[in-house]
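This is what each chain is made of:
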Amino acid sequence: MKEFLFVFRRSVESNDPPQSPEQLQAMMKPWQDWMGSIAAQNKLSSSGNRLTNEGKVVKPNKVITDGPYVDIKEAIGGYIIVKANTLDEATSLADGCPILQVGGTVEVRMIVPMEDNN
Amino acid sequence: MEHQQLIPHLFRTEYRKIIAVLCKMFGLEHIAIAEDIVSETFLLAAETWGLKGLPKNPTAWLYTVSKNKALDYLRRDTLFQTKIAPELNHTDEGHPETDIDLSNQNIIDSQLQMLFAICHPSISNEAQIGLALNILCGFGAEEIADAFLTSKETIYKRLTRAKEKLRSEKIKIELPPPGDIESRLETVLSTLYLLFSEGYYSASQNTVLRKDLCIEAMRLMVMLTDHPLTCTPSGYALLSLMCFHASRFEARTNQDGEIILYEDQDTSLWDKDLIAQGVDFLNRSAGGKQVTRYHLEAAIAYWHTLKEDTHEKWENILQLYNRLLQMEYSPIAALNRTYALSKANGKEEAIVEAEKLNLDANHFYHSLLANLYEDINPEKELDHLQRAWTLARNTNDKSLLAKKISSAIGRK
């Protein structure tokens, strides 16, 4: 089994924080169902993390800019790590990811195995 | 109670208490001495109570006799004089009498410390359960063998090896230092959970024995949560989980020891008091910051105490399994999640998910698929029932599946 990183990107404008616990729960449910489905196949390696909207980008020569999204419309909203035998299998796991419902994308990248790092 | 029944009863309740106190005093490396002393005491009880009649207070008699035997042993034993006495830091020189303390408090403390000693990370899980049953619950090798469906000799060897390990690892009967209690408790809780599950899910036909295993696991959990140093939210969650499961004990088997499935159970046999206690422990488990797998499993078990099939119930169970699986994968959780999905969102959706599970060698997997295909595709239902029957190992599962197969054929 190899590991693959799923990076979730979505447009910055649509990323409004939930207003109430009910709203939060309604937002979380499709994610929980989708991740629960991957976990039930024993293919979830790490449930990763969600990222907030705030951020800084550090560039050479002590240039620091606000936000990760100055040049692009989309920002990274979070990531998880899955287990799969091939890139195709990993890609098919991304099917049904709730980010796709709000116009976002999932970038699927294979993680270089530890022993190949050098 | 006649002494013929009283002695086995006292053996079950008192053996473990005296053993814990004596072991605490002698050290785990001399566990055999403690076992000999307590066994001799019970042998003497069996011999004399029948002839001379019952003592006024049989328990006190057992304590006094074992205490005297221990003191005799200490007095004449050279090993004690040279090896143990110098190590007994709390002894008055030359007066070990004051040290055999069979008070309630010391019994509980000794048992709790013994629990941590047995659930030491260097001891294998299997051995921990055996030792817990033997030393803390007073089960003999024969009973343990019956529960594990194995031979007395196998268990005897396992116990001997485990006790040897306790000795060679020089494990002390004491509570871990406060900073280590939480991490050591993880092993203790998982061992008690296994002990409970062994009783709850064992294929042994001996339902009385199986229930005893569950009761013992719960008794030890109560001991843990009653003590201020070892009482934690995750402990309450596990105890709550045990209460919810145990509440169905009477309803889940028939007179022949055959399993009655959840949906077919007579809810009037569910133990309402245990359910109420489970709810109380579940509330107390909400104290910490952490949500453990015991919290999630207890919450799932709570929803199962409500018999009525509502969307709310199954949606909640589904979400709890989603979280549980993200925390820790297990085939049974994956199957249960899929079942909850079928109840919350319908069988068609669940079939799609079930086909992804890759559990072809698991008979529960085929039982689940058979359930999902019922009414949708009778051919596939029958096919999966037959595959489940081929894969099932124990007679309970086999006979249950055989019944389903004949009823599926009847419906065609």
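The structure we're discussing is the one just above.
Model, not experiment: these values are computed from the prediction.

Conventions adopted
- Residues numbered from 1 in each chain as written.
- Chains lettered and ligands numbered in written order.
- Predicted model: local features only at pLDDT ≥ 70, side-chain atom pairs only at ≥ 80, totals over all residues.
- Heavy atoms only, no water.
- Helix = DSSP H or I, 4+ residues; strand = E, 2+ residues; numbered from the N terminus.
- Buried < 20%, exposed > 50% of the residue type's maximum accessible area, 1.4 Å probe, protein only.
- Contact = heavy atoms within 4.5 Å.
- Areas by Shrake-Rupley, 256 points an atom, 1.4 Å probe, with all protein chains shown as cover.
- Lys, Arg positive; Asp, Glu negative; His and termini not counted.
- Charge placed at Lys NZ, Arg CZ, Asp CG, Glu CD.
- Buried area = accessible area lost by both parts, 1.4 Å probe.
- Salt bridge = Lys/Arg side-chain N within 4 Å of Asp/Glu carboxyl O.
- Polar contact = N/O pair within 3.5 Å; in protein donor to acceptor, adjacent residues only side chain to side chain.
- Core = buried A, V, L, I, M, F, W, Y, C linked by side-chain atoms within 4.5 Å.
- Axes fitted to C-alpha atoms, helices over the stretch in contact; angles between N-to-C directions.
- Parallel < 35°, antiparallel > 145°, perpendicular 65-115°, else oblique.
- Nonpolar A, V, L, I, M, F, W, Y, C, P; charged D, E, K, R; others polar.
- Phe/Tyr/Trp six-rings, centres within 6.5 Å; stacked < 30°, edge-to-face > 60°.
- Lys NZ or Arg CZ within 6 Å of the ring centre and 35° of its normal.

J.: What's the story with the overall build of chain A in this structure? I'm lost.
T.: Counting its regular elements, chain A contains two helices and six strands. Reading chain A from its N end, one meets helices and strands in the order β-α-β-β-β-β-α-β. Taking all 118 residues of chain A together, 33% fall into the buried category. Considering only residue pairs separated by 6 or more positions, chain A has 77% of its internal contacts joining residues 24 or more positions apart. When the accessible surface of chain A is totalled, it reaches about 7,600 Å², and 54% of it is carbon and sulfur.

J.: I keep staring at the overall build of chain B and nothing clicks. Help me out?
T.: Across its full length, chain B carries 19 helices and zero strands. Seen through its principal axes, chain B has C-alpha atoms that stretch 80 × 50 × 40 Å. The 412 residues of chain B split such that 51% are buried. Within chain B, counting contacts between residues at least 6 apart in sequence, those at least 24 apart form 65% of the total. Approximately 19,900 Å² of chain B is accessible, and the part contributed by carbon and sulfur atoms is 52%. Here chain B contributes 45 positively and 57 negatively charged side chains, and the mean placements of these two sets differ by 2 Å.

J.: Mind showing me how you'd approach the interface of chain A and chain B here?
T.: Interface size, as often reported, equals the accessible area lost upon joining of the parts. Between chain A and chain B, the contact holds 12 residues from the first and 13 residues from the second. Here chain A and chain B share an interface that buries about 1,100 Å² over both sides, 47% of which is from carbon and sulfur atoms. In terms of surface lost to chain B, no three residues of chain A exceed Gln32(A), Ala40(A) and Gln41(A), which account for 39% of the buried area on that side. Two residues, Lys29(A) and Glu315(B), come together in a salt bridge whose shortest N-O distance is 2.8 Å. If you look at where chain A meets chain B, you find seven residue pairs in polar contact (both at pLDDT 80 or more). Elements that contribute at least two residues to the side of chain A that touches chain B include exactly α1 (21-40) and β2 (44-50) of chain A. Looking at which element gives the most residues to the side of chain A that touches chain B, the answer is α1(A), with eight residues.

J.: I keep staring at the nonpolar core and nothing clicks. Help me out?
T.: Proteins that are soluble and globular tend to have nonpolar side chains buried together. Within the largest apolar cluster, 95 residues are counted, with the highest numbers of intra-cluster contacts made by Leu22(B), Phe26(B), Met114(B), Leu133(B), Leu192(B) and Leu224(B). The dominant element in this core, judged by the number of residues it contributes, is helix α1 (residues 3-26) of chain B, at 11 residues. If you look at the next biggest cluster of nonpolar residues, it comprises 47 residues, including Ala94(A), Leu324(B), Ala333(B) and Tyr365(B).

J.: How do you make sense of the packing of helix α9 (residues 178-201) of chain B against helix α11 (residues 233-246) of chain B when you look at a structure like this?
T.: How two helices sit against one another is set out by the angle between their axes and by the gap between those axes. Residue and element names in this part refer to chain B. At a minimum axis distance of 11 Å, the contact between α9 and α11 shows a crossing angle of 5°. In terms of orientation, α9 lies roughly parallel with respect to α11. Note on element contacts: α11 touches α9 through Ser 234, Gly 235, Leu 238, Leu 241, Met 242, His 245 and Ala 246, opposite Leu 189, Leu 192, Tyr 193, Phe 196, Tyr 200 and Tyr 201. Across the contact of α9 with α11, the residue classes break down as 10 nonpolar, three polar and no charged.

J.: Would you mind showing me how to read the environment of Asp256(B) here?
T.: Residues and elements named next belong to chain B. Turning to its location among the elements, Asp 256 is positioned in the loop between α11 and α12 (272-284). Relative accessible area serves as the criterion here: at 59%, Asp 256 is assigned to the exposed category. Sequence separation of Asp 256 and Ser 124 is 132 residues, and the distance between their C-alpha atoms is 34 Å.

J.: I would appreciate a short explanation of the pattern of salt bridges in the present structure.
T.: Close approach of charged atoms allows side chains with opposite charge to pair. Per the stated rule, a full pass over the model turns up 25 salt bridges over all chains. Glu216(B) serves as the salt-bridge partner of Arg219(B), at 2.9 Å between the closest nitrogen and oxygen. Taken together, the residues span about one helical turn, with Arg219(B) and Glu216(B) both in helix α10 (residues 207-226) at a distance of three residues. Looking at Glu216(B), the relative accessible area reads 7%, which means it is buried. For Asp360(B), the salt bridge goes to Arg387(B), with nearest N and O atoms at 3.2 Å. Of the two residues, Asp360(B) sits in the loop between α16 (347-354) and α17 (363-373) while Arg387(B) sits in helix α18 (residues 378-391), which places them 27 residues apart along the sequence. Assessed through its relative accessible area of 45%, Asp360(B) is described here as partly exposed. Bridged by salt links that share partners, the residues Arg9(A), Glu107(A) and Arg109(A) form one connected network.

J.: Explain the environment of Asn206(B) here, please?
T.: Residue and element names in this part refer to chain B. As for its placement among the helices and strands, Asn 206 is situated in the loop between α9 and α10. Exposure remark for Asn 206: the relative accessible area of 29% places this residue in the partly exposed category. Here the alpha-carbon distance between Asn 206 and Tyr 156, two residues 50 residues apart in the chain, equals 20 Å.

J.: Is there a simple way to explain the packing of aromatic side chains in this structure?
T.: For any two aromatic rings, the description comes down to two numbers: the centre-to-centre distance and the angle of the planes. On inspection of all chains with the given rule, the structure shows 17 aromatic pairs over all chains. Residues Tyr236(B) and Phe281(B) carry aromatic rings whose centres are separated by 6.0 Å and whose planes lie at 15° to one another, so their mutual orientation is stacked. Of this pair, Tyr236(B) sits in helix α11 while Phe281(B) sits in helix α12; the two residues are 45 residues apart in sequence, bridging distant segments of the chain. Accessibility assignment for this pair places Tyr236(B) and Phe281(B) in one class, buried. Each residue in the set Phe6(A), Phe8(A), Trp31(A) and Trp34(A) is aromatic and connected to the rest through ring pairs, giving one cluster. Cation over ring: Arg248(B) sits above Trp270(B), and NZ or CZ is 5.8 Å from the ring centre.

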